[in-house]
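One letter stands for each residue in the lines below.
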Amino acid sequence: MKKVIGVYLLLQAIIRGGCLFLSLRSDESFLPIVVLITCVLLIAGAIYMVVLTFLDKARLRQLSRFFVCSIAVTVFNIVFMFFQPVEMIPTDSWVTGNLFDILVALVILYYITRQKYYIRAKYVSGGAPADGDNAGSPGQKARPTT
């Protein structure tokens, strides 16, 4: 699951970086500096998380924090741009973020929290069970006593 999230973040960083480049080169785009800075921060954070993911050092907590920050920044950009009298070209919506980005981040957050329950492991020392009854191999079901 982490590798899929890493690929998604890599694609998102590449697309967002390309659209940021096109918006900066375009004469028709007049995005505020605040939106550009938040976009650069999201790209840098996504690349950092991709590197951690592909080096197998990313934790689920780090990924979930990144997606929460991504949602917060996207909501901030959408609200900020709502009050700005600026016409946007199509690539600007990738720079500011849109509702689809929020929705995908929420779905990934949901799966990260669900995966957290399945990854936890309980380490038991190599001794006998505490009750002494029904001592079987770890893969066997315990038989009911009558």
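Treat the numbers as computed from the prediction; the structure is a model and nothing was measured.

Student: If you had to explain the overall build of the protein chain to someone new, which residues and values would you point to?
Tutor: For the protein chain, the count of helices and strands is 5 helices and 0 strands. When burial is assessed residue by residue, the protein chain has 34% of its 146 residues classed as buried. Per element, the accessible surface of the protein chain, about 10400 Å² overall, is 66% carbon and sulfur.

Student: Outline the packing of aromatic side chains, supporting the account with residue identities and numerical values.
Tutor: This model, assessed by the stated rule, comprises 4 aromatic pairs. Plain terms: the ring middles of Phe82 and Phe83 are 5.1 Å apart, the flat faces sit at 80° to each other, and that makes the pair edge-to-face. The two residues Phe82 and Phe83 agree in class, both being exposed. Their ring planes at 65° and their centres at 5.5 Å tell us that Tyr110 and Tyr111 sit as a pair that is edge-to-face. Residue classification places Tyr110 among the partly exposed positions, given a relative accessible area of 45%. Tyr111 gets classed as partly exposed once you look at its relative accessible area, which sits at 44%.

Student: Explain the side chain of Thr74 to me, using residue names and the numbers behind them.
Tutor: Within the element layout of this structure, Thr74 appears in helix H3 (residues 60–82). With near-sequence residues (within four places) excluded, Thr74 lies in contact with Thr96, Gly97, Asn98 and Ile102.

Student: Provide a residue-level description of the side chain of Ser23, including the pertinent values.
Tutor: Mapped onto the elements, Ser23 comes out in helix H1 (residues 2–25). Judged by relative accessible area, which is 4%, Ser23 ranks as buried. Within the structure, Ser23 has its side chain in polar contact with the side chain of Thr91 (distance 3.4 Å). Excluding residues that lie within four positions of it along the chain, Ser23 makes contacts with Ser29, Leu31, Thr91, Asp92 and Val95.

Student: Report on H3, specifying residues and quantitative values.
Tutor: Compared with the 33 Å implied by 1.5 Å per residue over 23 residues, the 33 Å span of H3 between its first and last C-alpha is a close match. Residues of H3 that are buried: Leu60, Leu63, Ser64, Phe66, Phe67, Ser70, Ile71, Thr74, Asn77 and Met81.

Student: I'd like a rundown of the environment of Leu36, residues and numbers included.
Tutor: Topologically, Leu36 is positioned in helix H2 (residues 33–54). Taking the C-alpha atoms as reference points, Leu36 and Asn77, 41 residues apart in sequence, are found 9.6 Å from one another. With sequence-adjacent residues up to four places away left out, Leu36 is seen in contact with Leu20, Leu24, Leu31 and Val95.

Student: Can you lay out the pattern of salt bridges for me, pointing to particular residues and giving the numbers?
Tutor: Pairing between side chains of opposite charge can happen when their charged atoms approach one another. Enumeration over the complete set of coordinates arrives at 2 salt bridges. Among the salt bridges present, the one from Arg16 reaches Asp101, with a minimum N-O distance of 3.1 Å. Highlighted residues: Arg16 in helix H1 and Asp101 in helix H5 (residues 99–119), separated in sequence by 85 residues. Here Arg16 and Asp101 have matching classes, each one buried.

Student: Can you explain the nonpolar core? Please cite residues and give values.
Tutor: By size, the foremost hydrophobic cluster in this structure holds 28 residues, and its most contacted members are Ile5, Leu9, Leu63, Phe67, Val95 and Ile112. Of all the secondary structure elements, the ones that give two or more residues to this core are H1, H2, H3 and H5.

Student: A description of unusual backbone geometry should follow, citing residues and the corresponding values.
Tutor: Backbone geometry at Asp56 places phi at a positive 60°, although glycine is not the residue there. Tracing the chain through its elements places Asp56 in the loop between H2 and H3. A residue is classified by how much of its surface remains accessible, and Asp56, at 61% relative accessible area, is exposed.

Each value, and the rule that gives it
- Residues numbered from 1 in each chain as written.
- Predicted model: local features only at pLDDT ≥ 70, side-chain atom pairs only at ≥ 80, totals over all residues.
- Heavy atoms only, no water.
- Helix = DSSP H or I, 4+ residues; strand = E, 2+ residues; numbered from the N terminus.
- Buried < 20%, exposed > 50% of the residue type's maximum accessible area, 1.4 Å probe, protein only.
- Areas by Shrake-Rupley, 256 points an atom, 1.4 Å probe, with all protein chains shown as cover.
- Phe/Tyr/Trp six-rings, centres within 6.5 Å; stacked < 30°, edge-to-face > 60°.
- Contact = heavy atoms within 4.5 Å.
- Polar contact = N/O pair within 3.5 Å; in protein donor to acceptor, adjacent residues only side chain to side chain.
- Expected span 1.5 Å × (residues − 1).
- Salt bridge = Lys/Arg side-chain N within 4 Å of Asp/Glu carboxyl O.
- Core = buried A, V, L, I, M, F, W, Y, C linked by side-chain atoms within 4.5 Å.

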